[in-house]
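The chain contents come next:
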Amino acid sequence: MAASLQVFHSKLVRPFHTLSSRSSTPLRCSAAPPPSKSHSHRRYTITLLPGDGIGPEVISVAKDVLLLTGSLEGIKYDFREMLLGGAALDATGVPLPEETLSVAKQSDAVLLGAIGGYKWDKNEKHLKPETGLLQIRKGLQVFANLRPATVFPQLVDASTLKREIAEGVDLMVVRELTGGIYFGKPRGFGTNENGEEIGYNTEVYAAHEIDRIAHVAFKIAQKRQGRLCSVDKANVLEASMLWRKRVSAIAQKYPDVELSHMYVDNASMQLIRYPKQFDTIVTNNIFGDILSDEASMITGSIGMLPSASLGDSGPGLFEPIHGSAPDIAGQDKANPFATVLSAAMLLRYGLGEDKAAERIENAVLDTLNRGLRTADIYSAGTKLVGCKQLGEEILKSVESNVPAGAV
Ligand code: IPM
Ligand code: MG
């Protein structure tokens, strides 16, 4: 099983410089050792969870990309394709079958497409595809969700923000993923003293949950530009007051990181006012959900952004941050870049295979440099292609292995 919470030094040039070059020592946040496969014979078990909507289309591209980079870098994979979300509901009646979780737990890393769709929207909560996603995050105990938002120079005009605001944005949202209001109890439906129907949830954080995500965020900030902004609502919420207190206390251990605090309403405004002020953001589950979607739009398309969810031990979960896009599912229109980049994160953070990760990241840049675009990132003068064709073009770029930055 792979050690998960490792934050490796990235040697890449922008725009993958989400962990940049302040130090050249690899950094590990995990008590577990890094995967120690001998260099000549590396074989990993990867659980693939295509899920719903465009999930299967983008996973199929990412799988081919993994296989080709693997063959070029001496890595072998055993893929186990399992059911999650709506696909699992249809086949088994539950959104996360036990078998899926146990296979995922036994693998070295998990690559997920997307879940959800109109068909299951009206299901009761325990029978929603989203519940399956939350259950697998909790089941794998992947509490740290890394969501980089990087503006690709080739796509800067796809941003809805002015060029001078969007250009050069390179930030990382570190979202707490297994606590807070998503999981807090009590929760449910009931009736109030007036007999009126109510729905309620609880935003709750224990000190250790804040401490462990704070450590991850400080370590990531150390590897980036050394600036960490903790986002909370400490002017109103007790859970945020504790959050701020713990993060501030932990800051003493990281004197090289400049810590600031921001209320979430201000942070959401600052993100579109002047996003370059941010380097690393750490925040709770729900604020991270919202801010990472907002940050993604600075980059032009949510179809470009990968994520990594890591725990203290056990496999990491890697997924694009976009959803299942049921409106374009099955039409060969999906943008596979975010999933392909998630596969690169899987290699880098999940398996410690930096060279293979770099090969994929270079291939993505090369494909963009060659002007190939899906509809969501298309602009005049570029070539519009479907998901499959883009996948084939990425494979060509993997083979030619053009270094990043070479245009
Ligand atoms: C995300 C998604 C999920 C979340 C949904 C699908 C449950 O929005 O990964 O950001 O809220 O975490
Ligand atoms: Mg979300």
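Above this text is the structure in question.
Residues numbered from 1 in each chain as written. Chains lettered and ligands numbered in written order. Predicted model: local features only at pLDDT ≥ 70, side-chain atom pairs only at ≥ 80, totals over all residues. Heavy atoms only, no water.

Asker: Account for the nonpolar core, naming residues and giving values.
Answerer: If you look at the biggest cluster of nonpolar residues, it comprises 90 residues, and the most contacted ones within it are Ile46, Leu111, Leu146, Val174, Phe218 and Phe318. Looking at this core element by element, the count peaks at nine residues for helix α10 (residues 337–350). If you count residues domain by domain, this core takes at least three from each of domain 1 (1–28 + 147–180 + 209–300) and domain 2 (31–141 + 313–407). If near-sequence neighbours (up to four positions away) are discounted, Phe218 is found in contact with Leu228, Val247, Ile250, Ala251, Tyr254, Val257 and Leu259. Met82, Val103, Ala104 and Ile115 belong to the second-largest nonpolar core, a separate cluster that totals 16 residues. (Core = buried A, V, L, I, M, F, W, Y, C linked by side-chain atoms within 4.5 Å. Buried < 20%, exposed > 50% of the residue type's maximum accessible area, 1.4 Å probe, protein only. Helix = DSSP H or I, 4+ residues; strand = E, 2+ residues; numbered from the N terminus. Domains from an automatic or database assignment. Contact = heavy atoms within 4.5 Å.)

Asker: Pulling in residues and values, what's your account of the pairing of strand β6 (residues 144–150)?
Answerer: The buried fraction of β6 amounts to seven of the seven residues, a majority that puts the element mostly inside the structure. Bridging between β6 and strand β7 (residues 170–176) involves seven bridges; their strand directions are antiparallel. Residue pairing for β7: Leu146 is matched across the bridge by Val174. Here three bridges tie β6 to strand β13 (residues 306–310), and the two strands are oriented antiparallel to one another. Opposite Leu146, over in β13, you have Ala308 as the bridge partner. (Pairing = 2+ DSSP bridges.)

Asker: Describe in detail the layout of surface pockets, supporting the description with residues and values.
Answerer: The calculated volume of the largest pocket comes to roughly 370 Å³. In terms of lining residues, the largest pocket is bounded by 19 residues, among which Ile115, Glu130, Leu133, Arg137 and Asp289 are the most central. Elements that contribute at least two residues to the lining of the largest pocket include exactly β5 (109–114), α4 (129–139), α9 (285–298) and β14 (316–320). No other element matches the four residues that α4 contributes to the lining of the largest pocket. (1 Å grid on protein atoms, 1.4 Å probe; cavity = no way out; pocket = protein on both sides within 12 Å on 5 of 7 lines; lining within 4 Å. Points joined across faces, edges and corners; volume = space filled by probe spheres on them.)

Asker: Tell me about the packing of helix α8 (residues 264–273) against α9, and please be specific about residues and values.
Answerer: Running from amino to carboxyl end, α8 crosses α9 at an angle of 10 degrees, the nearest separation of the two axes being 9 Å. One way to sum up the angle between α8 and α9 is to call them roughly parallel. In this structure, α8 contributes Val264, Ala267, Ser268, Leu271 and Ile272 to the contact, and α9 contributes Phe287, Leu291, Glu294, Ala295 and Ile298. Here the residues of the contact of α8 with α9 are counted per class, giving eight nonpolar, one polar and one charged. (Axes fitted to C-alpha atoms, helices over the stretch in contact; angles between N-to-C directions. Parallel < 35°, antiparallel > 145°, perpendicular 65-115°, else oblique. Nonpolar A, V, L, I, M, F, W, Y, C, P; charged D, E, K, R; others polar.)

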